[in-house]
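Chain residues, written in single-letter form:
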Amino acid sequence: MSYGGKKKSNIIKVDNEKIREGFNRSTEAITDKDQQLEENVLAAQNSYEQAKEQADITFENAQTANVISGEVQRIATEANELSTMAKEIAEQSIASSQSALEVSQKSDTTPLEAKKDTQTALQQSNEAKGGANRTVTDSGEALTKSSQALTKSEDSLLQLQNTQAQVNSLVIQAGNFSAQVLQALTNASGETFNTLKGVLDDKGNKIDVLSKVTVTIDSFPIQPLETDDTARINRAINYIDSLGGGELILTSGLYNVSTPTIDKQNAVVLKSNISIRGTGEVILKLAPNNLTNYAIIHIQNCNNVSVKNIKVIGESDEHLGTSGRWGMGFNIKESTNIILDNVEAENCWGDGLYLGTITFKPVINNQNIIIKNSRFKGRRNATSFISLINGLIDNCTFSDASGTFPMAGMDIEPNDEAQIVEYVTIRNCEFRNNKSVGFTTARVRNNVRNIKIIDTKFIDNAGFSFSGEKSNVKNLELRGCTFINSILSRGNKNDGSPASTIKGAENVTIEGNTFINSGKITIQKNPVTGEISKNIIVSKNKFIDSVGLEIRSGKNIKVASNIIEDFTNFGIFVNKIDAIDTKEIMIHNNQIYGSKGGSAIACGIRLDAGDELIVKDNICRKDDANLMIRGIAVESATGQVTLAGNDCKDGGASFGIKNNGTLVHLYQNRMKDGTWSNTAN
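As a starting point, this report considers the structure included with it.

Procedures and definitions
- Residues numbered from 1 in each chain as written.
- Predicted model: local features only at pLDDT ≥ 70, side-chain atom pairs only at ≥ 80, totals over all residues.
- Heavy atoms only, no water.
- Helix = DSSP H or I, 4+ residues; strand = E, 2+ residues; numbered from the N terminus.
- Buried < 20%, exposed > 50% of the residue type's maximum accessible area, 1.4 Å probe, protein only.
- Contact = heavy atoms within 4.5 Å.
- Areas by Shrake-Rupley, 256 points an atom, 1.4 Å probe, with all protein chains shown as cover.
- Salt bridge = Lys/Arg side-chain N within 4 Å of Asp/Glu carboxyl O.
- Core = buried A, V, L, I, M, F, W, Y, C linked by side-chain atoms within 4.5 Å.
- Pairing = 2+ DSSP bridges.
- Phe/Tyr/Trp six-rings, centres within 6.5 Å; stacked < 30°, edge-to-face > 60°.
- Lys NZ or Arg CZ within 6 Å of the ring centre and 35° of its normal.
- Polar contact = N/O pair within 3.5 Å; in protein donor to acceptor, adjacent residues only side chain to side chain.
- Expected span 1.5 Å × (residues − 1).
- Disulfide = S-S within 2.5 Å.

## Things to note about the overall build of the chain
1) Next: Of the regular secondary structure elements, the chain holds six helices and 48 strands.
2) Next: Buried residues in the chain amount to 51% of all 681 residues.
3) Next: Taking all contacts inside the chain whose residues are at least 6 apart in sequence as the whole, residues at least 24 apart take part in 74%.
4) Next: Carbon and sulfur atoms provide 47% of the accessible area of the chain, an area that totals close to 29200 Å².

## Digging into the pattern of salt bridges
Opposite charge on two side chains lets them pair, provided their charged atoms get close.
1) Next: Summed over all chains, the structure comprises 23 salt bridges.
2) Next: For Glu346, the salt bridge identified is with Lys311, shortest N-O distance 3.6 Å. Placement of Glu346 in strand β12 (residues 336-346) and of Lys311 in strand β10 (residues 303-313) is noted, with a sequence separation of 35 residues between them.
3) Next: Classification of Glu346 by relative accessible area gives partly exposed; the value is 24%.
4) Next: Glu550 serves as the salt-bridge partner of Arg552, at 3.1 Å between the closest nitrogen and oxygen. Pair check on accessibility: Arg552 and Glu550 agree, each one buried.
5) Next: By sharing partners, the salt bridges in this structure join Asp351, Arg380 and Glu413 into a single network.

## With respect to the environment of Leu353
1) Next: Following the sequence through the fold, Leu353 ends up in strand β13 (residues 353-356).
2) Next: For Leu353, a relative accessible area of 0% puts it in the buried group.
3) Next: If we skip the residues at most four places from it in the chain, Leu353 touches Phe330, Ile332, Leu340, Ile371, Phe376, Ala382, Thr383, Ser384 and Phe385.

## Some points on the nonpolar core
1) Next: Within the largest apolar cluster, 103 residues are counted, with the highest numbers of intra-cluster contacts made by Leu284 and Phe439.
2) Next: Setting aside residues no more than four positions away along its own chain, Leu284 makes contact with Leu250, Tyr255, Val257, Val268, Ile296, Ile297, Ile310, Lys311, Val312 and Ile313.

## Overview of the pairing of strand β25 (residues 462-466)
1) Next: The element β25 is extensively covered by neighbouring structure, given that five of its five residues are classed as buried.
2) Next: Summarising the sheet, strand β22 (residues 437-441) and β25 pair through three bridges and their orientation is parallel. Across the sheet, Thr440 pairs through a bridge with Ser465, a residue of β25.
3) Next: Pairing of β25 with strand β28 (residues 500-503) involves two bridges; the strand directions are parallel. Bridging across to β28, Ser465 finds its partner in Thr501.

## Remarks on unusual backbone geometry
A negative phi angle is the norm for most residues apart from glycine, just as the trans form is the norm for most peptide bonds.
1) Next: A cis amide bond, omega 10 degrees, links Phe405 with the succeeding residue Pro406.
2) Next: Mapped onto the elements, Pro406 comes out in the loop between β18 (397-399) and β19 (410-412).
3) Next: With phi around 60 degrees, Asn433 is a residue other than glycine that occupies positive phi space.
4) Next: Relative to the assigned elements, Asn433 resides in the loop between β21 (430-432) and β22.
5) Next: Unusually for a residue other than glycine, Asn517 sits at a positive phi of about 50 degrees.

## A closer look at the packing of aromatic side chains
1) Next: Per the counting criterion, the structure on display carries 13 aromatic pairs.
2) Next: Ring centres of Phe431 and Phe458 lie 5.0 Å apart, and the angle between their planes is 20 degrees; on these two criteria the pair is classed as stacked. Taken together, the residues Phe431 in strand β21 and Phe458 in strand β24 (residues 457-459) connect sequence positions 27 residues apart.
3) Next: Exposure remark for Phe458: the relative accessible area of 0% places this residue in the buried category.
4) Next: In this structure an aromatic cluster arises from ring pairing among Phe330, Phe376, Phe398, Phe431, Phe439, Phe458, Phe464, Phe466, Phe483, Phe515 and Phe543.
5) Next: Sitting over the ring of Trp349, Arg379 keeps its end group 3.6 Å from the ring centre.

## Quick word on the side chain of Asn541
1) Next: Along the chain, the position of Asn541 falls in the loop between β32 (534-539) and β33 (542-544).
2) Next: Of the residues examined, Asn541 reaches a relative accessible area of 2% and is grouped as buried.
3) Next: A polar contact of 3.2 Å, which involves the side chain of Asn541, links it to the backbone nitrogen of Gly512.
4) Next: Of the polar contacts made by the side chain of Asn541, one reaches the backbone nitrogen of Asn513; its length is 2.8 Å.
5) Next: Those residues in contact with Asn541, other than ones at most four positions away along the chain, are Ile510, Glu511, Gly512, Asn513, Phe515, Ser561, Asn562 and Ile563.

## A look at the environment of Ile521
1) Next: For Ile521, the location among the structural elements is in strand β31 (residues 521-524).
2) Next: Distance from Ile521 to Ser497, taken between C-alpha atoms, is 9.4 Å for residues 24 residues apart in sequence.
3) Next: Filtering out sequence-adjacent residues up to four positions away, Ile521 remains in contact with Phe464, Ser500, Phe515, Phe543, Gly548, Leu549 and Glu550.

## Focus: the side chain of Ser387
1) Next: Here Ser387 shows up in the loop between β16 (383-385) and β17 (388-394).
2) Next: By relative accessible area, Ser387 is classed as buried at 0%.
3) Next: A polar side-chain atom of Ser387 sits 2.8 Å from a polar atom in the side chain of Asn365.
4) Next: Beyond its immediate stretch of four places on either side in the chain, Ser387 contacts Leu355, Gly356, Thr357, Ile364, Asn365, Asn366, Ile420 and Val421.

## Considering helix α6 (residues 230-242)
1) Next: With 13 residues, α6 extends 19 Å between its outermost C-alpha atoms, agreeing within 8% with the 18 Å of an ideal straight helix rising 1.5 Å per residue.
2) Next: Residues of α6 that are buried include every one of Thr230, Arg232, Ile233, Asn234, Ala236, Ile237 and Ile240, and no others.
3) Next: The inward-facing, buried residues of α6 contact β3 (214-216), β4 (246-250), β5 (253-257), β6 (266-270) and β7 (274-278).

## Looking at the pairing of β12
1) Next: In this structure, β10 lies alongside β12, joined through nine bridges in parallel fashion. In the sheet register, Asn303 faces β12, and the bridge partner there is Thr336.
2) Next: Sheet analysis places β12 next to strand β14 (residues 367-372), joined by five bridges and oriented parallel. Paired with Ile339 across the two strands is Ile370, which belongs to β14.
3) Next: Summarising the sheet, β12 and strand β15 (residues 375-377) pair through two bridges and their orientation is parallel. When the bridges of β15 are listed, Ala345 appears paired with Phe376.

## Describing the environment of Tyr667
1) Next: Within the secondary structure layout, Tyr667 lies in strand β46 (residues 663-667).
2) Next: Aside from chain neighbours lying at most four places away, what touches Tyr667 is Thr642, Leu643, Ala644, Gly645, Ser677 and Asn678.

## Comments concerning the state of the cysteines
1) Next: Taken as a whole, this structure holds zero disulfides when the rule is applied.
2) Next: Looking at Cys603, it has no disulfide partner, and the nearest cysteine sulfur is the one in Cys620, 8.4 Å off.
3) Next: Free cysteine: Cys648, not disulfide-bonded; nearest cysteine sulfur from Cys620 at 4.6 Å.
4) Next: Cys648 sits in the buried class, given a relative accessible area of 0%.

Laid out in structure tokens, this is it:
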């Protein structure tokens, strides 16, 4: 027994020595790992300090790195937490090894139990080692992320000094975190600004729209004593404005709004750098009131604003007063970089959309306005442009203006010489069912310029009026448009009233359009100033079952390559009604077929006035079903008239070419009987 006991004691002694050796090795490994952990954590902390320092530098330039610094802080904090976890694991391993040693020292412990306890201690030591390794790896990742954050901070500063497009898309990322730049405070000279835009504008860089934060209206419930949605919508706008700008989301539904609020006339008042967007069907319905002026959505002295997917409904059918006509759906004044996309306005006391200024002098004109995919109706006008420089109107409908003068689809009417409408393109639009005219210009001379109307429809209203009370508009184009039932509301296409007019305008091109069952186009003097229209081109148009073109006065007018079929009264008529100069007129290469009569003197081309008139290479011919009394008739023109190369075979029941003028020169025209002659018949 003594032998066996001695052997057991020796075994325990050997195992204890192995335990001590394992324990010492574990302790040394853990100590090394702890030291390495501390070094890595310190490195991560140093990297954090560097990133924070660089972020502070970026703050001084554009205040863009506050969120990044917070992210770097989070990464460093995670590294510290990981280090603490590793230390806890190591401490647990040490405690386990000590426990194993204590067990092995007990006299009643068997060698098998001691071996088992030793293995447990070693396993836990290995686990501590693995945890330490993971912590080292995580600390390394934290260091890498900190370095990335530092690099991104430096990149953001470079972006701020780059182009507008880079500024508009400025996003700084740290790891999986991204944040948009919110605002800046000072520039390099120490001047204080409220926003990042202010700093960059100071450097000459312009920003279109920085959508900075997104807020839903559901975060702003109606408060006690509030009876509708007006105040909470404006609270949300003011909140976004306090953050430097962003986007307000109106969720699907009906929002009841009212006036007065804020400035006592306007329901929803937008501010710079704010977008408001509807999701689903969003309607803002205005409560009845007795105001002469109001706006459901008001945009004044703003930059970088957009409104999308919102319909506003006025209270014209419930209005509590009788005076005034200026209640607007959308009211934009003295603002820049504005977008209306997929919006609607109807039933307003005035216009669906109004672009104007606050005062006449000094005037700040609206600039850079885009209106697309939208629909406007109004009691006064569907839309009025008083002030706009650089505008795009695309895929919109302007309709049903009826109730008070002027009742136009779009009325371009600057009220003062400083108010300007120029460089505006209207394309893919529709003017429908307005009480008077689809498109009109009016008011002060020389301030409506460079307007293009392209691929647009005019249906069930008079067409266009390029002029107005005191206007002398310049540089207008009408191309690729379609006119259907374009008739002045007070008459019909045969009563002599023009459906479309050019009055004292200059540099006008009417090209490639189609007129169906429509009244005449008249070129005439300005009724107020007496100025005549100049430099007019009417070419490549098609007139079907329409009255045609009348020239009452003008200079340097070209009418060429038009097709006129089944016209009423006349195809082309140079009239003496204005009794002033009509000269330098070229009527060339037009095809005029048939007539529905309308008068006893219906003819393809009629010349009653003018000097330096050239009529050449036109075809004027009746068909079997329709009556045309004369092909070409010079009735009372007293100036120089040249007729050359015109084909008037079967051109009229009475005459192919009739000449009652005094200075008419005829060269090889085709007569009614088909012969070519230098005389009339």
